[in-house]
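# Fold and contact review
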Amino acid sequence: MKSKICSKKFENKIILNDLNFKIFRGKSIGVMGPSGTGKSMLLKCILGLTEYDGKILYEGKILEKKNRELLYNNSGMLFQGGALFDSLNVWQNISFKRINNKTYSKRDSISIVRKMLKEVELGTEILNNMPSELSGGMQKRVALARAIVNEPRILFFDEPTTGLDPLTTKAINKLILNLINKNNVTSIIISHDPLSIKKICDEVIFLTNGKIEWHGSVKEMSNSRHKMLKDYLNSNR
Ligand SMILES: Nc1ncnc2c1ncn2[C@@H]1O[C@H](COP(=O)(O)OP(=O)(O)O)[C@@H](O)[C@H]1O
Ligand SMILES: [Mg+2]
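This is a predicted model, so every value here is computed, not measured. (Residues numbered from 1 in each chain as written. Chains lettered and ligands numbered in written order. Predicted model: local features only at pLDDT ≥ 70, side-chain atom pairs only at ≥ 80, totals over all residues. Heavy atoms only, no water.)

## A short note on the pattern of salt bridges
Taken as a whole and judged by the stated rule, the model has 7 salt bridges. Put simply, K65 and E51 hold a salt bridge, and the shortest N to O gap is 3.8 Å. Linking K65 in the loop between β5 (61-62) and α2 (69-72) with E51 in the loop between α1 (39-46) and β4 (53-58), this pair joins segments that are 14 residues apart in sequence. For the residue pair K65 and E51, the accessibility class agrees, reading exposed in each case. Measuring nitrogen to oxygen at the nearest pair gives 3.4 Å for the salt bridge that ties E64 to K66. The exposure class assigned to E64 is partly exposed, which follows from its relative accessible area of 37%. What you see here is one network of salt bridges that share partners, running through R25, E59 and R153. (Salt bridge = Lys/Arg side-chain N within 4 Å of Asp/Glu carboxyl O. Helix = DSSP H or I, 4+ residues; strand = E, 2+ residues; numbered from the N terminus. Buried < 20%, exposed > 50% of the residue type's maximum accessible area, 1.4 Å probe, protein only.)

In structure tokens:
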């Protein structure tokens, strides 16, 4: 996948500016940077949830309104905060995309949901629970199950471990790593946690004020002398 976002503006404020990068199949790229710097907006542009100036290519094709499903049908997303539907129970949340597309009967989708729950190491006894009845870590796992229900080739994670305790963070990171390694999934992970990024990603983009301030491998990040990057990493330890 290739992104050449020239700009993304709201009214006249520039939110993203001149973002040029490629992600190779099966690789994982981490996006770090201060709050309000355009990380979530970048994912919204890639997913076509907002308009922008520039080009995003998926498998050599420019993504436009008419072919957005090329990426949409092959991708899964874990939104910032998990964002389960409060009024839907666990199986309805996980099979939402399938129910909406009317591709499966209820019986079929329950059997798929059982399989997904196993993938994220949850018991099937929670099928009929509401999100509010689950712990934060369990909600994240359900959101992960929802993201992988269509066997995506690309996964997007927006701050998957923000707000979780260190043990749960470790468990969720391990799960993400297993999921992307097992199926050779390509991924973009937004995170403030250098340890998570080091464990999961191959490359890192450091965004500040909507621009790529620094881009390199995870190893290069650890050894980098870039002042802003170093200050950011030190403040997030
Ligand atoms: N719907 C919107 N209207 C106007 N400005 C927005 C909107 N959504 C986001 N922004 C602005 O875009 C910038 C980037 O936001 P975001 O991508 O959410 O940051 P991050 O995820 O890095 O914390 C912020 O300055 C934010 O205020
Ligand atoms: Mg964000």
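## Structural notes on the pairing of strand β7 (residues 154-158)
Judged by how many residues are buried, β7 sits mostly within the fold: 5 of 5 residues are covered. Of the two faces of β7, both are covered, the one formed by I154, F156 and D158 as well as the one formed by L155 and F157. Relative to β7, strand β6 (residues 75-78) is paired through 4 bridges, and the arrangement is parallel. The residue of β7 that forms the bridge with S75 is I154. Chirality of the crossover, the property in question, places the unit of β7, helix α7 (residues 166-182) and strand β8 (residues 186-190) among those that are right-handed. (Pairing = 2+ DSSP bridges. Right-handed = clockwise from strand over helix to strand, strands pointing away.)

## Quick look at the environment of F157
Structurally, F157 is set in strand β7. With 141 residues separating them in the primary sequence, F157 and L16 have C-alpha atoms 19 Å apart. If we ignore the near neighbours within four places in the chain, the residues touching F157 are L43, L78, L144, I176, I180, S187, I188, I189 and I190. (Contact = heavy atoms within 4.5 Å.)

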